[in-house]
Amino acid sequence: MSGKAPSFAASRLAAALLGCTVLAGVPGTVLAQDSAAPAPTPPQTPAAVQQTEVIRSISVAGAQRLEPETIVSYVQLRPGQAYTAAVADQALKDLAATELFSDYSITSTDGAVVIRVVENPVINRIVLEGNRRIKSDKIVPEIKLAPRQIFTRSKVRADVARIIELYKRQGRFAATVEPQMVQLDQNRVDVVFEINEGPKSRVRQINIIGNEAFSDNQLRGEMVTKVAGLLNIFASTTSYDPDRLAFDQQKLRQFYLTQGYADFRVVSAVAELTPDKRDFIITYQVEEGERYKFGKVEVESQLRDFDSAALTQSIGVNEGDWYDAKLVEDTIERLEETAGTFGYAFASVEPDYDPDRENLTMGIKFVLNEAPRVYVERIDVNGNTLTQDKVVRREFRVAEGDAFNSLQIRRSTARINSLGYFQENFEVSQVDGSAADRILLEANVQEQATGELSLSAGFSSLESFIFQGSIRQKNFRGRGQTVGLGINYSRYSQSANVSFSEPYVFDRNISAAIDIYRRDYNNDYYDQGLATYEQSTTGLQVRVGVPLTEYMSLLGRYTFNLENITVDESQYFFDLDGDGTRTCEPLLAGRYLCDAIGTRSTSILGLSLIYRSLDSGIRPTRGIDAGLSLDFAGLGGSTRYARLTGQFRQYWPVLGSFIFSVQAQAGYILGLRDRGPGNDDVLLTDRIFLGEPEIRGFDIRGIGPRVVRRFYDVDDDGNPFLLPLDDESTVDDALGGHAMYMFRAELEIPLGQGVRELGIRPSIFADMGAVFDVTRPTLNTSPYPDGIFLPTRDTDGNALYTQTNTDGTVSVVTNPLNPAGTPNTALGSSLPPFVEEFYGDTPSPRLSIGIGADWNSPFGPFRVNFAYPLLSQEGDDTKIFSFNVGTRF
């Protein structure tokens, strides 16, 4: 008696079960299954047993890995037992149930029973072929087969189903999996899953039946699932997802309930796969029902601390307005929060609906149920492996033993989120305490990287290539301290700084910080090979802050700077009187620079009043950040001025997930030392400058007062002419100003789930501002200033701005005479005639609009901006593109 015809080899049987054919005589060769091949002979029934025999002995033939006694234990045959057709048939079923054998049979000769088996092969390895959309490391954990396991057909079928299910989750319903088996020696096999991923099944069409009040397009706009097309080419929700289909039904119901249709329901939602398995057609059948208005609305309070009539007046739901389920939910939440503010942590509000289907009104009674006043029994901090407990606990606005206050709990959550040490959207959990009037507060944190390694690069027409790098640890040693080191390098500036801050000095609510820095700056406007001036600043700043209220704090600071400003004397000093004394010439060195040359010390005492109610210090979505600062330079040192600045930022969530923010800033600096007629009371290095990054679309220091130097050239006829303002030879000297204002509006745009998972957050913005108010400088309005240069003159005494060269060409005169009448080579024979013009000293706004995006890329946070200036003034320096990149650790 056998489980399969003896003529079939074990490998052929296993291959047939897998849906493949093994080429006989060629081990390891696999062919596709031939539909014309004869099917394996089905297991024979034990009809050959003609009479009852008594089992005298049981032996096993063909066992390799399994012990014969083990195989015998799988069946119910025992010596002395009667051998019948039913017993033999059950024994075959028992062997099949083990799934350990590819072939098996039972024979009996005069009571000598022989169990012949061919064991299933051992799996050598699992091979995946054709999978490109889903990587192997995602598929292998779903496969139950593994190397060194016994091959079974049921596990193969199960693994095929799991792989197909993975592809269905990605919307690839046309995916197929063909299992193949490659025979090896020693009864081993390689199992190969040949995967045909197929195209992604997208939603071709969404049909809605039964809607009358709203159009199909309006209802489709409420759904998460979108129809595939050019308008949704970047959307990640155009593929079919059963879970998303159920969610869209909820979205439709929510939409109708907010519009007054209290009886709305989705009758059916059917998704049909097209014959080619490439697309889905989704059809919703809905019943809108009648539209309701609010009837009588009242609040019934069972808490003695609340008056029902007063609560009814405050909820903002009016009789006669269209029914809105979202407004009802918000009212319930506000009532519960109000109760929680007074210590009723477990107070619940139950709406009692009273629909009047005849008059189409919906009466509601909000019942504020009785609940005990609750106190905080304990505060637990869990999950912090690096951060000390006190760093989290000191951010709580309630203490153990205090009455529960939902407002303070929300504030505690916002303060912990603002630290930036833990997961986004952290929430303080509330757990029942040891008694009905006790509650436990749990801060279940997940620590994230708090170190920042930032690298940014850019290019500007002013500073060419710019590189900035910084390293900062915001949670140093888990104490909440911040240490940082930063460097900056560009063609015109280099700087380095070291900083340290302690938010709680000696565990008291007093913050302190210190910065030590060195900044070197050189300015090259007129000749790309020469520096107009070099400024070196070495200094330190000490800050101390104390809180005044929960959201307001006072910050005092002291700054001491030692500055040294120099110029290249061989280029910018001039012996004007011919007495051998060389002094700085403003026409050569730049306006207002000569009086800034030298070494000076600046001692600055500052005070800031800060208001901050942001819900997060990293990515705020709501709240205000405002400040007013006053700095006085003159407490020692050689510089005297007073500077007042104010800034304001506010964030709102709008239109669902959009984040809208506005920012305003203004400032003024007043010189406290009279520097005489024609000189500005504020040194060039202390004035206010504006441009990138404050106002995108303009270059660094690209806005505000400036002196522009325009040079002469000659045309083809040998006539001199003044080069245009936008000529590349034109250079400008940004002078800065005493006053500035700036305004920015930005809207962060939410994208699909797939794009959000990549960390991409685009935004559109508008920037506006200006810097102005500086003493107008004395300008050179003639090609050769009197007393500095003497033009070459012709025989009639006329000034010559051109000269005929030995080769017959005409060029501008570049070797003017000095007052002594000799060639002025000391001033640089390459200097052509020029004139100076004054631009930009106006409060007229500069305005730019643009788009930008933040991306948490694999190599760090990345920001890119494209901005276009809509309003600018003559002389402004514009810039369209900028970016920066960094990383975290």
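Residues numbered from 1 in each chain as written. Predicted model: local features only at pLDDT ≥ 70, side-chain atom pairs only at ≥ 80, totals over all residues. Heavy atoms only, no water.

Draft legend 1. Inspection of the nonpolar core at higher detail. Tyr-323, Phe-366 and Leu-368 are the most contacted members of the largest nonpolar core, which totals 25 residues. At the level of secondary structure, the elements contributing two or more residues to this core comprise strand E14 (293-301), helix H9 (325-341) and strand E16 (361-368). Here the element with the most residues in this core is H9; it accounts for five residues. Core analysis: the next-biggest nonpolar cluster, separate from the first, contains 21 residues, Phe-396, Ile-409, Leu-419 and Val-428 among them. (Core = buried A, V, L, I, M, F, W, Y, C linked by side-chain atoms within 4.5 Å. Buried < 20%, exposed > 50% of the residue type's maximum accessible area, 1.4 Å probe, protein only. Helix = DSSP H or I, 4+ residues; strand = E, 2+ residues; numbered from the N terminus.)

Draft legend 2. Summary view of the sheet that holds strand E11 (residues 202-209). Read across the sheet, three strands follow the order E11-E13-E12 without closing on themselves; strand pairing throughout is mixed. The open sheet terminates on both sides in strands that have one partner only, identified here as E11 and strand E12 (265-273). Each neighbouring strand pair of the sheet contributes to a mean axis angle of 15°, computed without reference to strand direction. The pairing of E11 with strand E13 (residues 279-287) spans seven bridges and is classified as parallel. Within E13, the residue paired with Val-203 across the bridge is Phe-280. (Pairing = 2+ DSSP bridges. Axes fitted to C-alpha atoms, helices over the stretch in contact; angles between N-to-C directions.)

Draft legend 3. Fine view of the packing of H9 against helix H11 (residues 406-419). Interaxial distance between H9 and H11 falls to 6 Å at its minimum, and their mutual angle equals 95°. The orientation of H9 relative to H11 falls into the category roughly perpendicular. Of the residues in H11, those in contact with Glu-337, Gly-340 and Thr-341 of H9 are Ser-406, Leu-407 and Arg-410. Here the residues of the contact of H9 with H11 sort into one nonpolar, three polar and two charged. (Parallel < 35°, antiparallel > 145°, perpendicular 65-115°, else oblique. Contact = heavy atoms within 4.5 Å. Nonpolar A, V, L, I, M, F, W, Y, C, P; charged D, E, K, R; others polar.)

Draft legend 4. The pairing of strand E19 (residues 438-444), seen in detail. Buried residues dominate E19, accounting for five of its seven residues. One ladder, built from four bridges, connects strand E18 (residues 429-432) with E19; its direction is antiparallel. Counted as the bridge partner of Ser-429 is Glu-442 from E19. Between the end of E18 and the start of E19, which pair antiparallel, lie five residues.

Draft legend 5. Quick peek at the pairing of strand E31 (residues 641-654). Of the strand pairs in this sheet, strand E30 (residues 623-637) and E31 are connected by eleven bridges, and their pairing is antiparallel. When the bridges of E31 are listed, Asp-631 appears paired with Arg-643. As consecutive antiparallel partners, E30 and E31 are separated by three residues. Taking the residues that link successive antiparallel strands as the turn, the E31-strand E32 (residues 658-671) hairpin has three residues, and the phi of Leu-655 there is positive, at about 50°.

Draft legend 6. Examining the environment of Ser-418 more closely. Mapping Ser-418 onto the fold places it in helix H11. Once the C-alpha coordinates of Ser-418 and Gly-617 are considered, the two residues, 199 residues apart in sequence, prove to be 4.3 Å apart. Setting aside anything within four residues of it in sequence, one finds Ser-418 in contact with Leu-614, Asp-615, Ser-616 and Gly-617. A polar contact of 2.9 Å, which involves the side chain of Ser-418, links it to the backbone oxygen of Ala-414. (Polar contact = N/O pair within 3.5 Å; in protein donor to acceptor, adjacent residues only side chain to side chain.)

Draft legend 7. Region of the structure containing the side chain of Lys-879. Relative to the helices and strands, Lys-879 resides in the loop between strand E44 (860-871) and strand E45 (881-888). Polar contacts involving the side chain of Lys-879 include one to the side chain of Glu-692, which spans 2.6 Å.

Draft legend 8. Spatial organisation of the pattern of salt bridges. Going through the model one piece at a time under the given rule, you end up with 36 salt bridges. Here Asp-216 and Arg-220 are joined by a salt bridge, their closest N and O atoms 3.8 Å apart. You can see Asp-216 and its partner Arg-220 sitting in helix H6 (residues 216-222), four residues apart, about one turn around the helix. For the salt bridge of Lys-390 with Asp-507, the shortest nitrogen-to-oxygen distance reads 3.1 Å. One end of the pair, Lys-390, is in helix H10 (residues 389-393); the other, Asp-507, is in the loop between strand E23 (493-502) and strand E24 (511-523), and 117 residues separate them in sequence. With relative accessibility at 31%, the residue Lys-390 sits in the partly exposed group. In this structure Asp-507 comes out as exposed when scored by relative accessible area, which is 52%. Through salt bridges with shared partners, a single ionic network connects Glu-395, Arg-397, Arg-411, Arg-415 and Glu-550. (Salt bridge = Lys/Arg side-chain N within 4 Å of Asp/Glu carboxyl O.)

Draft legend 9. Region of interest: the sheet that holds strand E6 (residues 101-109). Strands sit in the order E4-E7-E6 across an open sheet of three strands; the sheet is mixed. Where the open sheet ends on each side, the last strands, each with one partner, are strand E4 (57-61) and E6. The mean inter-strand angle of the sheet, taken between neighbouring strand axes irrespective of direction, is 15°. The pairing of E4 with strand E7 (residues 112-119) spans five bridges and is classified as parallel. Across the sheet, residue Val-60 finds its bridge partner in E7, namely Ile-115. Packing of helix H3 (residues 85-98) onto the sheet brings it into contact with E6 and E7, and relative to E6 it is tilted by some 160°.

Draft legend 10. Spatial organisation of unusual backbone geometry. A cis amide bond links Glu-692 with the next residue in sequence, Pro-693, at an omega value of 5°. Along the chain, Pro-693 falls in the loop between E32 and strand E33 (706-714). One non-glycine residue, Arg-148, lies in positive phi territory at about 75°. Along the polypeptide, Arg-148 turns up in the loop between helix H4 (136-139) and helix H5 (153-169). The exposure class assigned to Arg-148 is exposed, which follows from its relative accessible area of 74%. For Leu-360, which is not a glycine, the phi torsion comes out positive at approximately 55°.

Draft legend 11. H9, seen in detail. Compared with the 24 Å implied by 1.5 Å per residue over 17 residues, the 24 Å span of H9 between its first and last C-alpha is a close match. Buried within H9 we find Ala-325, Val-328, Thr-331, Ile-332, Leu-335, Ala-339 and Gly-340. Summarising the contacts, the buried residues of H9 are in contact with helix H7 (242-258), E14, helix H8 (308-314), strand E15 (349-356), E16 and H11. Where H9 begins, the capping side chain belongs to Asp-324, and its oxygen is found 2.9 Å from the backbone nitrogen of Lys-326. Phi turns positive one or two residues past the end of H9, at Gly-343, with a value near 100°. (Expected span 1.5 Å × (residues − 1).)

These values are about where atoms sit, not about what they do.
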